[in-house]
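The residues making up each chain are set out below.
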Amino acid sequence: MSTERRRNADGGRRRADGPGDGPRGEGGRRRADGPPPGDHQSGGRRRSGSGGGARRGDGGAERPRRPRPPENEARSEGQGGRRRAEGERPRRPEGQRRRPEDGDRPRRRPEGDRPRRPEDGDRPRRRPEGERGGRPEGQRRRPPENEARSGGRRRAGSGPRDPRDRDREHGSRSEGRRAAGRGTRAAAGSGGRGGGGGRRRSRDEEPDDRPWYKRFFAKAWKPALAAFGLMVIGGVGAFAVLYAQAPDRDELETKAENTMSATQIMWAPQGDENPEVAVTTGEVRRVEVNYEDIPPEVIDGVLAAEQRTFFQDPGISISGIGRAILSRGEAGGGSTITQQMARNYYSDLEQDDRIVRKIREIFIAIKLGQQMEHEEILEAYLNTIYFGRGASGIEMASQAYFDKSVSELNSEEGAFLGVIIQMPSNFEANEMGDWTTTYLNEERWPYIQEQLALMHEEGSGRGLPREEAEALEIPERIPYDPTAEADVDPKFGYVRNAVIQEITERYAGSGITDATIATQGLVVETSLDPALMDAATGAFDVLPGTPDDTMKGLTAVDPATGEILAFHGGPAVSEVVNNSLQHRTQAGSSYKPYVLATALSNDISLRSMFDGDSPQNFPELQSPVQNADGRSYGPVDLVRATADSVNTPFVELTSRLGAAAVDQTAVDAGVDEDQITTSTQGPLVALGTHQVTALDQASAYATFAAGGVHRPAHMVTELRMADGTVVEPDDADQIEQGTQVVSTEVAADVTYAMTQVIEAGGGSNAALPDGRPVAGKTGTSSGAVSAWFVGYTPQLVAAVGLSRADANLSLEFEGQPENEIFGGTTSANVWKEFMTTAVEGMPVEQFPAPAYVGADQSFLPTPSPSEEPTEEESEEPSDEPSEYPECDPANIDPENPNCEGVESPPECDQSDWECQNEGTPDVPVECTGPNPPSWCEEPTTPGDPNDDASSDDDDWTWPRSSSNENNRMIVLGRDE
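Calculation criteria
Residues numbered from 1 in each chain as written. Predicted model: local features only at pLDDT ≥ 70, side-chain atom pairs only at ≥ 80, totals over all residues. Heavy atoms only, no water. Helix = DSSP H or I, 4+ residues; strand = E, 2+ residues; numbered from the N terminus. Contact = heavy atoms within 4.5 Å. Areas by Shrake-Rupley, 256 points an atom, 1.4 Å probe, with all protein chains shown as cover. Pairing = 2+ DSSP bridges. Patch = residues over 30% accessible without salt bridge, like charges linked within 9 Å, V, L, I, M, F, W, Y side chains within 5 Å. Salt bridge = Lys/Arg side-chain N within 4 Å of Asp/Glu carboxyl O. Axes fitted to C-alpha atoms, helices over the stretch in contact; angles between N-to-C directions. Lys, Arg positive; Asp, Glu negative; His and termini not counted. Charge placed at Lys NZ, Arg CZ, Asp CG, Glu CD. Parallel < 35°, antiparallel > 145°, perpendicular 65-115°, else oblique. Left-handed = near helix turned anticlockwise from the far one by under 90°. Nonpolar A, V, L, I, M, F, W, Y, C, P; charged D, E, K, R; others polar. Buried < 20%, exposed > 50% of the residue type's maximum accessible area, 1.4 Å probe, protein only. Polar contact = N/O pair within 3.5 Å; in protein donor to acceptor, adjacent residues only side chain to side chain. Phe/Tyr/Trp six-rings, centres within 6.5 Å; stacked < 30°, edge-to-face > 60°. Lys NZ or Arg CZ within 6 Å of the ring centre and 35° of its normal. Expected span 1.5 Å × (residues − 1).

### Structural notes on the overall build of the chain
Looking only at helices and strands, one finds 28 helices and 19 strands in the chain. A fraction of 72% describes how many contacts in the chain between residues 6 or more apart in sequence connect residues 24 or more apart. Carbon and sulfur atoms form 46% of the exposed surface of the chain, whose accessible area is close to 50500 Å².

### A few points about the sheet that holds strand 1 (residues 264-266)
An order of 2-1-6-14-15 is seen for the five strands of this open sheet, with the pairing classed as mixed. Of all strands in the sheet, those bounded by a partner on one side alone are strand 2 (277-280) and strand 15 (726-727). The pairing of strand 6 (residues 523-526) with strand 14 (residues 716-720) spans four bridges and is classified as antiparallel. Counterpart to glutamate 525 in the pairing with strand 14 is glutamate 718.

### Some remarks on a nonpolar patch on the surface
A surface patch of nonpolar side chains, about 620 Å² in accessible area, is lined by Phe217, Trp221, Leu225, Phe228, Val232 and Val236. Position of valine 232 among the secondary structure elements: in helix 4 (residues 212-245).

### Focus: the sheet that holds strand 7 (residues 550-557)
The antiparallel open sheet is built from five strands, whose spatial order is 8-7-19-18-17. Each edge of the open sheet carries a strand with a single partner, namely strand 8 (564-567) and strand 17 (775-780). On average, each strand axis in the sheet is tilted by 10° relative to the strand beside it, whichever way the strands run.

### Side note on a negative patch on the surface
Together, Glu292, Asp293, Glu373 and Glu375 make up a negatively charged patch on the protein surface. Position of glutamate 375 relative to the elements: it lies in helix 10 (residues 374-384).

### Some details on the packing of helix 19 (residues 592-601) against helix 21 (residues 647-657)
Contact geometry of helix 19 with helix 21 gives a least axis separation of 10 Å together with a crossing angle of 55°. Taken together, the axes of helix 19 and helix 21 are oblique relative to one another. As helix 19 packs across helix 21, the resulting crossing turns out to be left-handed. Between helix 19, through Lys592, Val595, Leu596, Thr598 and Ala599, and helix 21, the contact on the second element is made entirely by Asn647, Phe650, Leu653, Thr654 and Leu657. Broken down by class, the residue content of the contact of helix 19 with helix 21 amounts to six nonpolar, three polar and one charged.

### Details of the pattern of salt bridges
Tallied over the entire structure, the rule returns 18 salt bridges. A salt bridge links aspartate 731 to arginine 506, with the nearest nitrogen and oxygen atoms 3.1 Å apart. Note that aspartate 731 is positioned in the loop between strand 15 and helix 24 (732-737) and arginine 506 in helix 16 (residues 491-506), a separation of 225 residues in sequence. Overall, arginine 506 belongs to the buried group, its relative accessible area being 8%. One salt bridge connects glutamate 525 with arginine 720, and the closest N-O pair in it is separated by 2.9 Å. With a gap of 195 residues between them, glutamate 525 in strand 6 and arginine 720 in strand 14 connect regions that are remote in the sequence.

### Observations concerning the environment of valine 557
Positionally, valine 557 belongs in strand 7. When the C-alpha positions of valine 557 and serine 699 are compared, they lie 6.8 Å apart, and in sequence the two are 142 residues distant. Discounting residues that sit within four places of it in the chain, valine 557 has contacts with Gly562, Glu563, Ile564, Ala698, Ala702, Leu796 and Val797.

### Observations concerning the packing of helix 18 (residues 530-538) against helix 26 (residues 827-838)
With their axes 9 Å apart at the nearest point, helix 18 and helix 26 run at an angle of 160° to one another. When the axes of helix 18 and helix 26 are compared, the pair comes out roughly antiparallel. Read as a crossing pair, helix 18 and helix 26 show a hand that is right-handed. Only Phe834, Thr837 and Ala838 of helix 26 make contact with helix 18, whose side of the interface consists of Leu532, Ala535 and Ala536. When its residues are assigned to classes, the contact of helix 18 with helix 26 shows five nonpolar, one polar and no charged.

### Side note on the side chain of threonine 550
Inspection of the secondary structure puts threonine 550 in strand 7. In this structure the side chain of threonine 550 is engaged in a polar contact, spanning 2.9 Å, whose partner is the backbone oxygen of proline 547. Beyond its immediate sequence surroundings of up to four residues, threonine 550 is in contact with Asn579, Ser803, Arg804 and Leu811.

### Let's talk about unusual backbone geometry
Peptide bonds are trans in most cases, and residues, glycine excluded, mostly fall at negative phi. Of note, the bond from serine 614 into proline 615 is cis; its omega dihedral lies within 30 degrees of zero at 0°. With respect to the secondary-structure elements, proline 615 resides in the loop between strand 10 (609-611) and strand 11 (635-637). Positioned with a positive phi, aspartate 403 is a non-glycine residue whose angle comes to about 55°. Checked against the element boundaries, aspartate 403 lands in the loop between helix 11 (394-402) and helix 12 (411-419). You can call aspartate 403 exposed: its relative accessible area is 59%.

### Examining helix 6 (residues 296-306)
Each full turn of the α-helix corresponds to 3.6 residues, which orients residues three or four apart in the same direction. Counting buried positions along helix 6 yields nine of 11 residues, so the element is predominantly enclosed. Taken together, the buried positions of helix 6 are occupied by Val298, Ile299, Asp300, Gly301, Val302, Leu303, Ala304, Ala305 and Glu306.

### Observations regarding the packing of aromatic side chains
Scanning the model with the defined rule gives 17 aromatic pairs in all. Between phenylalanine 789 and tryptophan 831, the ring centres sit 5.3 Å apart and the planes meet at 70°, which makes this aromatic pair edge-to-face. Placement of the pair is phenylalanine 789 in strand 18 (residues 786-792) and tryptophan 831 in helix 26, with a sequence separation of 42 residues. Of the two residues, phenylalanine 789 and tryptophan 831, neither departs from the other in class, the shared state being buried. One aromatic cluster is present, built from ring pairs that chain together Tyr591, Tyr594, Tyr701, Phe704, Tyr792 and Phe847. The residue whose ring lies beneath arginine 607 is tyrosine 852, and the NZ or CZ to ring-centre distance is 3.8 Å.

### Quick notes on helix 23 (residues 694-705)
The end-to-end C-alpha distance of helix 23, which contains 12 residues, comes to 16 Å, matching closely the 16 Å that a straight helix rising 1.5 Å per residue would cover. Most of helix 23 sits inside the fold, with 11 of its 12 residues counted as buried. Within helix 23 the residues assigned to the buried category are Ala694, Asp696, Gln697, Ala698, Ser699, Ala700, Tyr701, Ala702, Thr703, Phe704 and Ala705.

### Quick notes on the environment of glutamate 408
Residue position: glutamate 408 is located in the loop between helix 11 and helix 12. Sequence separation between glutamate 408 and serine 398 is 10 residues, and the spatial gap between their C-alpha atoms is 8.8 Å.

### What to know about the pairing of strand 19 (residues 797-804)
Burial analysis of strand 19 places eight of its eight residues in the buried class, which makes it a mostly covered element. Burial of the side chains of strand 19 extends over both faces: Val797, Ala799, Gly801 and Ser803 are buried on one face and Ala798, Val800, Leu802 and Arg804 on the other. The sheet contact formed by strand 7 and strand 19 spans eight bridges and is antiparallel. Its bridge partner being in strand 19, methionine 551 is matched across the sheet by serine 803. The sheet contact formed by strand 18 and strand 19 spans seven bridges and is antiparallel. Each residue of the ladder has a partner; that of alanine 787, found in strand 19, is leucine 802. Between strand 18 and strand 19, which pair antiparallel and follow one another directly, the connecting turn spans four residues.

Here it is, written out as structure tokens:
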């Protein structure tokens, strides 16, 4: 039985230890002197025929009086009170009921009737027989009595009862229970008094046999309900406030009339001078049209790209927001057309925190969705959205891309305009980048086709039948050249596009979009140096004549900051993709430093020995790997393997370390992650089968120049809104702090190995006239598809890559056959021409000394036993012991006849670097190059690169030179 049921059993609160069938307890008010003695029943009037004590004056013994309250003490002592005359009845205190006279029957409650709860001022009624009452707090136990009489009124001689005791008694009974901690009246003696003794246990002390979760719920549901109620009230209040603050449709016309301003892009400041304007984003044009003038094909194309269920959805899409949250933005931002329209009109949203902006955007959309029809919202959206090419609104976009009015567009053209809304800057150029082309053909266009088919199948009267939707083709666009109106240098168009592209990528977290850049009058400061931009273009003049489609990439990066100082874009921004920042080609041997850095990080030192012979077979490859021209180098360490670009040691390392580890080093250093997917991942990635950009290589090599610390390459150094507010980029912390990709010691060893490429390898043409130290690596892919030189001084990195627009075509130079085209004879010359100008005025700084990290290991093959047996028989062993032991070649004994004819070994093994150079005076590294500084006492000049004797010399003690053909390497072609 539960606690509550035990309390309510028998119609009332259970009394502690009282016998259910015992004699009735005393009724009425309890005596001050304690309980009546014996088994006499207490009550009001004595029943007829019952014995007991006599009344006063009947000869019975007088029972002791109850002590009087202090205020009545004077009267009991005879002070100030009158004495009652003989035979006079005592006066009844005020408010006390008359005592029943003899012969009167006390009123009894009908059988089964529950006692009435006393009210304030009422005299407590007598309890049922056997039930004992609690003693009010502060009242003493009544002492035992000797009189036979029980019950009745208080005698006059005992004085009036303290009203406070009566109030406490009434209060206790009216409450129906005793407060925790108060005791009960002790059980009566053997005289038959009703009720048992003992203290009733409090509610907290009684056992609770309910399960734990019910006990928890019983205690927690009220606070939880209160908290939930407060949250609901607060949420409703916040919703009301935000909804009231959201602008309404009346403000749209005012916002639409605001003047749009172009963004200014600045050159890097020169000294103390203020930066000059390089280019602006151009004038933005807009012509408004009515909803009725827009063909259904265009509307369907836009809805298929942005929000297929626009006419069924409210101002916001709950599913879209939920999908964006769960995918962390990968599945889209969850913004409806109404939200995008709100963002276009209320440009001040861009200055808010990302979360605050999204919340405000949602409430504006809700409010506008209730105040405007769907057709009105769509009309306002299509008249304000930015489509690129300086076109704001659907009418100007139709003219900018197709040279016709919007009313003349077909389904394909309407779908294309819907596609470019998300990334207009990617599609406005005539030649889209590789990523944009792949994205359009393989992802975005198929998505539009599917959405158009779904719209038709849903029976909304929109869209196209599936057969027609799948037959749509990407339309042709008219040429676009933002600088066509004036005879200007093409670099400005490339700068404009590059800056806009970078802002949309690095400031996406701040809500900066293409429309913001085109219309909100931003001020963009860059790190681009106009003089170095011109030097980058002019450096390619050192090359012989080349075909018009030759892609000439050059990017220069400051390794200390990651800032892009210059790049060469191309001849015409409207026709040719950016040669340096977007065009990709095979890396060739310029990818080998990433293999070297991975090996050094895995405890393989520069002095580790490898087999440099060619060809060699590897388990993962079906065909053997060869060095350039099939040359075998014998045992080589990693320094010589890097200098002479020996293929087999690097393929061996990649096979042991894993191509994934090498690619990860390249990505961490600065190569775009998308580039490692451009070829099959295997041991041949060491030979540069992946395609990279000049920006990738410059950024990654800058990590080695900066002691292993990588900072993202960037050209935008500050972006300010029209009101002067500076907007922080998403990668601000990475740029400021940098990321330690490889250790300082590993970076020093990689740099040292690449200095030998210039001083004693195939990159000698890159040596600078002032003799400052240079580190770099050449690269030439199979069939002369690409030629690279990536090098750096301690203060500046530059990457030069040559290729054709058609990746399958070989490079061509006037008067130079294909088998003589190498990175060391072409790209290295361009690099030297640019760097000579770039480092002018820079102090000469030295690279750190090599640390030789890792262990000196040998990966040379173990000699295998001869497979053919010899014709001569071996001598039979003799039973007699030899007089002399066998000759030890390392310790020849001249008296031992067995050592006759045995030659002493050389003092130093050819592979022992320290032994070979023991006793040789130390020569500074900078004094061993082809252009030693003037302070070197005896400068050493390497042999002529074209000298066959030099290239065929088997003695590889440093310094040495090799033919440029040693830079030639064999890699798999694209088709393989």
